[in-house]
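Reading the structure
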Amino acid sequence: MTDKIAHVVVDVPSVNTDRFYDYLIPESLQGAIHVGMRVTVPFGNRTIMGYVLSTAKESKVKGLKPIQSCLDVQPVLTEELISLGKWLAQETMSFFISSFQAMLPQALKASYKKSLHRVDTPSNPTLNALFDGRDNIDFDELETLIPLKIINEEIKRETVTWEYHVTTKESNKTVTMVKVVGELEAFDRYLAHLSKQAKKQYQLTEYFSTMDQDQPLKTVLERNKTTRQTIKKFVEAGLITLYQQQVDRNPYAGDMTKTRPLPLQSQQSEALDKIVDSMKKKRPDTYLLHGVTGSGKTEVYLQAIDWAIKQGREAIVLVPEISLTPMMVERFKRRFGDEVAVLHSALSIGERFDEWRKIQKKTVKVAVGARSAIFAPFENLGIMIIDEEHESTYKQEDHPRYHVRDVAIKRAEYHQCPVVLGTATPTLETFARAKKGVYQLIDMPERINHTAMPHVTIEDMREELHQGNRTMFSRRLKLAIEKRLQNNEQVVLFLNRRGYSTFVMCRDCGHVVECPSCDISLTYHQREHRLKCHYCNYSEPMPNVCPHCQSDTIRFFGTGTEKVEEALNETFPEARVIRMDVDTTRKKGAHERLLKQFGQKQADILLGTQMIAKGLDFPDVTLVGVLTADGLLNLPDFRAAEKTFQLLTQVSGRAGRHELTGEVIVQTYTPEHYSVLFAKAYDYHGFFKQEMALRKAYQYPPYYFLTLITVTHEQRLRAEEVTRVIQKLLVKHLSEEAIILGPSPSPIERIKGRYRFQCMVKYKNEPDLHHVLKKILDHYQKDYQKEKLMIHIDLNPQQLM
Ligand SMILES: Nc1ncnc2c1ncn2[C@@H]1O[C@H](COP(=O)(O)OP(=O)(O)OP(=O)(O)O)[C@@H](O)[C@H]1O
Ligand SMILES: [Zn+2]
Ligand SMILES: [Zn+2]
């Protein structure tokens with residue numbers, strides 16, 4: 001007996017609908033519906049999309065409705081992804097539907113339309129006229145023209161009904177093909193009836209009767225200089241048929257000379273051997289590949305993947321943000337050619353869908369992409385690689401709030417394959433796990449060919465000020481740039497994140513006001529003209545003079561890239577500058593274009609934000625300048641020092657990667673800060689030790705787990721009040737060891753007209769936490785809709801903004 005019942009999760013993300021619904025599989029769809037397919041189902045008075053997660057022979061529920069239609073020929077979710085999705089929903093406390101949606105390309109998500117369907121002639125003349133020979137009118141079109149009251153009357157009269165449609169954006173690119181179906185005699189007969197004037201038709205008859213394979217209609221039209229109209233006559237005569245053929249778009253087509261594996265250097269082959277050994281033995285090991293910048297990690301990835309492919313297995317490679325790492329993507333394309341699918345956020349929805357389908361159809365072996373590529377529907381994975389493991393983009397900041405590392409490790413258990421986390425600057429969490437032996441540590445301490453790490457100089461900007469230099473370039477940096485311009489070498493200038501100016505700093509002594517108990521900088525809140533800690537809600541008035549040196553140069557911090565560009569043009573009028581920031585890279589393909597221009601030496605200076613810190617490898621870059629290390633150092637985030645260390649190390653790694661030696665100049669108001677000093681010395685271990693001590697003292701990860709609860713509401717008081725109730729509930733229900741901070745305003749207190757308050761939990765072991773949080777969410781359930789209250793829970797927050 002075949003299964004007649006489908007368990008469906010429906011496309012309605014809400015607390016009430018976060019479960020599986022039973023539907024009947026109608027006779028007509030039996031055998032066509034399989035687990036993992038998308039279907040449309042009646043839900044309330046609508047039709048919506050859903051995923052079939054399992055099937056059964058019978059159901060306890062009476063009066064089940066049937067599934068309306070099936071949207072797929074082949075399941076879009078594999079059995080593995082279905083159980084992964086359920087796990088993900090539980091781990092991140094999100095809805096099942098959100099988890100499944102997160103795994104699939106945009107094109108497969110449904111959009112909904114409502115239209116008025118004509119059954120009989122409506123008595124209302126305006127409405128009748130509006131139908132104008134059609135059977136359906138879109139809701140949008142109706143809205144302003146016909147009052148709802150009239151429509152409702154017509155519905156009562158049963159002349160019209162509402163119809164709901166589910167459409168998806170998936171669009172296969174197709175071409176029209178011509179196929180010859182007529183026999184030769186049929187062509188002869190056709191010829192006999194043609195009038196002498198029909199020259200084109202004579203020509204085409206000849207053409208078709210000698211055509212030995214199907215051709216695109218476009219080609220036929222071009223070669224015969226004819227029109228569709230003429231071709232149609234042949235179709236009507238039954239001599240040819242037209243059909244649609246799917247073609248794959250190939251956005252990465254073009255010149256691709258393949259690269260060959262390089263002979264490995266010893267640290268590389270040792271690393272490769274270990275990883276290959278896990279693949280051979282089918283062990284789900286997690287490796288931390290800790291290799292300095294330019295140590296040849298990428299070549300290790302390439303050869304490990306090659307090994308997997310030769311065994312008939314597949315690979316996923318994650319990069320932090322794909323448009324920022326075009327050089328990295330190209331290296332994979334050039335090694336594996338057509339076997340690579342690139343899941344690139346800058347591709348059109350259709351193009352991305354095509355890339356995804358190559359994975360689904362198993363025509364590729366490697367998927368390269370940002371975060372969501374971890375869900376590539378491969379069924380025989382041999383390896384997963386997360387490059388630049390420390391990047392914060394690997395954590396999704398929206399439901400489901402997952403970290404890609406956790407998903408990879410979960411998938412590795414299923415596929416019995418290794419996960420490789422590669423970076424020069426591991427997160428503290430990862431390195432601590434590697435030290436404990438939870439992950440296997442592989443060290444690559446040398447650059448390829450033993451090239452020296454570029455020398456780093458730290459420039460004290462307070463001192464510059466005291467010497468009367470009020471510009472944004474220290475004297476040393478200015479000289480260094482001039483020298484590069486003379487020598488026809490290139491410069492990369494780095495400015496921290498644009499426009500972040502919520503902290504105040506004394507330019508005279510570099511003092512930044514910090515929270516006495518949280519070790520983070522205080523945030524300026526304009527409303528009250530006070531400085532606040534957004535972890536514990538400590539606050540103090542905004543000072544007029546520096547509390548440390550009494551100078552009155554205490555002020556907001558932050559310069560935009562545009563300003564720096566102006567200053568560069570003034571100071572170095574002959575220099576050609578490329579500015580890369582959110583404004584200049586908004587257009588599709590802009591990153592690639594700007595980087596290419598720089599690579600072809602159409603500019604001397606590349607000026608940019610965070611986005612230029614990654615994966616750049618230009619032989620003529622001999623100077624890297626960091627304009628102010630402080631912007632990052634003073635983010636109101638306990639990871640500020642870690643992020644500064646990572647960034648300084650990464651940008652330094654961009655200089656002198658080839659024959660020419662490199663130099664790095666870091667400007668800062670706090671030259672004595674340990675993250676700056678350890679980065680200068682390329683001393684990861686030293687940094688790790690000191691930072692771990694602080695994390696322990698102030699009770700942060702990896703010693704403690706964190707959970708961040710953010711409440712948003714249009715009214716400030718209400719947001720605060722709900723957060724306070726939640727804080728009290730947590731105190732009541734969690735153990736005494738748990739530290740519960742808040743309520744305090746979020747560092748960005750208001751976004752899109754909604755006030756934000758937060759409450760933070762620090763804990764070591766709280767088995768009940770999930771349960772308690774779930775109860776809290778349920779408690780506020782009715783208020784979500786009624787008063788647009790929102791509660792976000794992040795069980796492993798990365799961005800504490
Ligand atoms: N075995 C090798 N022999 C010769 N050259 C190599 C070898 N391995 C890598 N290289 C070259 O050395 C340079 C640095 O290597 P690669 O980019 O792989 O390092 P990486 O560790 O990934 O760097 P980063 O983390 O800074 O991006 C590249 O130009 C690469 O082509
Ligand atoms: Zn001061
Ligand atoms: Zn505090």
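Residues numbered from 1 in each chain as written. Chains lettered and ligands numbered in written order. Predicted model: local features only at pLDDT ≥ 70, side-chain atom pairs only at ≥ 80, totals over all residues.

**Examining the overall build of the protein**
The line we're drawing: Helix numbering and strand numbering both begin at the N terminus, where a helix is a DSSP run of H or I of at least 4 residues and a strand a DSSP run of E of at least 2. Contacts are defined on C-beta atoms placed from the backbone: any two residues whose C-beta positions lie within 7 Å are in contact.
Looking only at helices and strands, one finds 26 helices and 33 strands in the protein. In terms of principal-axis extent, the alpha carbons of the protein reach across some 100 × 65 × 60 Å. Of the contacts made within the protein by residues no fewer than 6 positions apart, 74% connect residues no fewer than 24 positions apart.

**Observations concerning the pairing of strand 14 (residues 340–343)**
Under the convention used in this document: With C-beta atoms placed from the backbone, a residue is labelled by how many other C-beta atoms lie within 10 Å of its own: buried for 20 or more, exposed for 12 or fewer, partly exposed between the two. Whether two strands pair depends on DSSP finding at least two bridges between them. Whether a crossover is right-handed comes down to one check: with the strands pointing away from the viewer, does the path from the first strand over the helix to the second run clockwise; if it does, it is right-handed.
Where burial is concerned, the two faces of strand 14 agree: the one with V340 and V342 and the one with A341 and L343 are both buried. Relative to strand 15 (residues 366–369), strand 14 runs parallel, the two being bridged by four bridges. Looking at strand 15, one finds that L343 is bridged to G369. Crossover strand 14 to strand 15 through helix 13 (residues 349–360) is right-handed.

**Quick word on the site of ligand 1**
Which entries qualify depends on this criterion: Nearness here is judged by the C-beta atom: place it from the backbone, and if it falls within 6 Å of a molecule or strand, the residue counts as near that partner.
Taken together, 18 residues form the shell around ligand 1, and within it T293, G296, K297, T298 and E299 come nearest. With three residues, the top contributor of residues to the shell around ligand 1 is helix 11 (residues 297–310).

**Regarding the sheet that holds strand 15**
Under the convention used in this document: For every element, the axis is a line fit to its C-alpha atoms; helices are fit only across the contacting stretch, and the angle between N-to-C directions ranges from 0 to 180 degrees.
Strand order in this open sheet of seven strands is 14-15-13-16-17-12-18, and the pairing throughout is parallel. Two strands close off the open sheet at either side, each with one partner strand: strand 14 and strand 18 (440–444). The mean angle between the axes of side-by-side strands here comes to 15 degrees, regardless of whether they run parallel or antiparallel. As paired strands, strand 13 (residues 314–318) and strand 16 (residues 381–387) are joined by five bridges and run parallel to one another. Its bridge partner being in strand 16, A315 is matched across the sheet by I383. Most of the contacts of helix 11 go to strand 16, to which it runs at about 165 degrees, and overall it touches strand 12 (286–291), strand 13, strand 15, strand 16, strand 17 (419–423) and strand 18.

**Some points on the confidence of the model for the protein**
To keep it simple, the criterion reads: The pLDDT value expresses, per residue, how confident the predictor is, ranging between 0 and 100.
Across the protein, pLDDT averages 88, with 96% of residues at or above 70. Scored by ipTM, the complex comes to 0.95, with pTM at 0.82.

**Section: the nonpolar core**
Applied cut-off: Put simply, a nonpolar core is buried Ala, Val, Leu, Ile, Met, Phe, Trp, Tyr and Cys residues tied into one set by C-beta atoms within 7 Å.
Membership of the largest hydrophobic core comes to 93 residues, with the highest contact counts inside it found for I316, V317, L318, V366, V368 and I383. For this core, the leading source of residues is helix 11, giving six residues. What V366 contacts, discounting residues up to four positions off in sequence, is I305, E314, A315, V317, F332, F336, E339 and V340. Counting 85 residues, the second largest nonpolar core, distinct from the first, contains A480, V512, L623 and A738.

**A word on the packing of helix 1 (residues 79–92) against helix 2 (residues 96–103)**
Our working definition: Here the word oblique covers every angle except those under 35 degrees (roughly parallel), over 145 (roughly antiparallel) and from 65 to 115 (roughly perpendicular). In a left-handed crossing the near helix is turned counterclockwise from the far helix by less than a right angle, and in a right-handed crossing that turn is clockwise. Residues are grouped as follows: Ala, Val, Leu, Ile, Met, Phe, Trp, Tyr, Cys and Pro are nonpolar; Asp, Glu, Lys and Arg are charged; all remaining types, including Gly, are polar.
At their nearest, the axes of helix 1 and helix 2 sit 8 Å apart, and the two run at 130 degrees to each other. Here helix 1 lies oblique to helix 2, going by the angle between them. Viewed along their axes, helix 1 and helix 2 form a crossing whose handedness is right-handed. Along the contact surface, helix 1 presents L81, G85, K86, L88 and A89, while helix 2 presents F96, S99, F100 and M103. Each residue belonging to the contact of helix 1 with helix 2 can be placed in one class, and the counts come to six nonpolar, two polar and one charged.

**A closer look at the environment of S266**
Summarising the element assignment, S266 is placed in helix 10 (residues 266–281). Its 8 C-beta neighbours within 10 Å are what place S266 among the exposed residues. Separated by 178 residues in sequence, S266 and M444 have C-alpha atoms that sit 9.6 Å apart.

**Considering the UniProt feature "binding site: Zn(2+) 2" (unreviewed entry) in the protein**
Condition: UniProt positions are given in the numbering used here, feature names are shortened, and annotations may be inferred rather than shown by experiment.
Here, the residues flagged by UniProt with the feature "binding site: Zn(2+) 2" (unreviewed entry) are C515, C518, C533 and C536. On the basis of their most widely separated C-alpha atoms, the annotated residues across 22 residues gather in one place, lying no more than 8.7 Å apart. Assignment of secondary structure puts C515 in the loop between strand 21 (504–506) and strand 22 (523–525). In this view, C515 contacts I520, L522, C533, Y535, C536 and Y538; residues no more than four positions away in its chain are not counted. With respect to the element layout, C518 can be found in the loop between strand 21 and strand 22. C518 gets classed as buried once you count the C-beta atoms within 10 Å, which come to 21.

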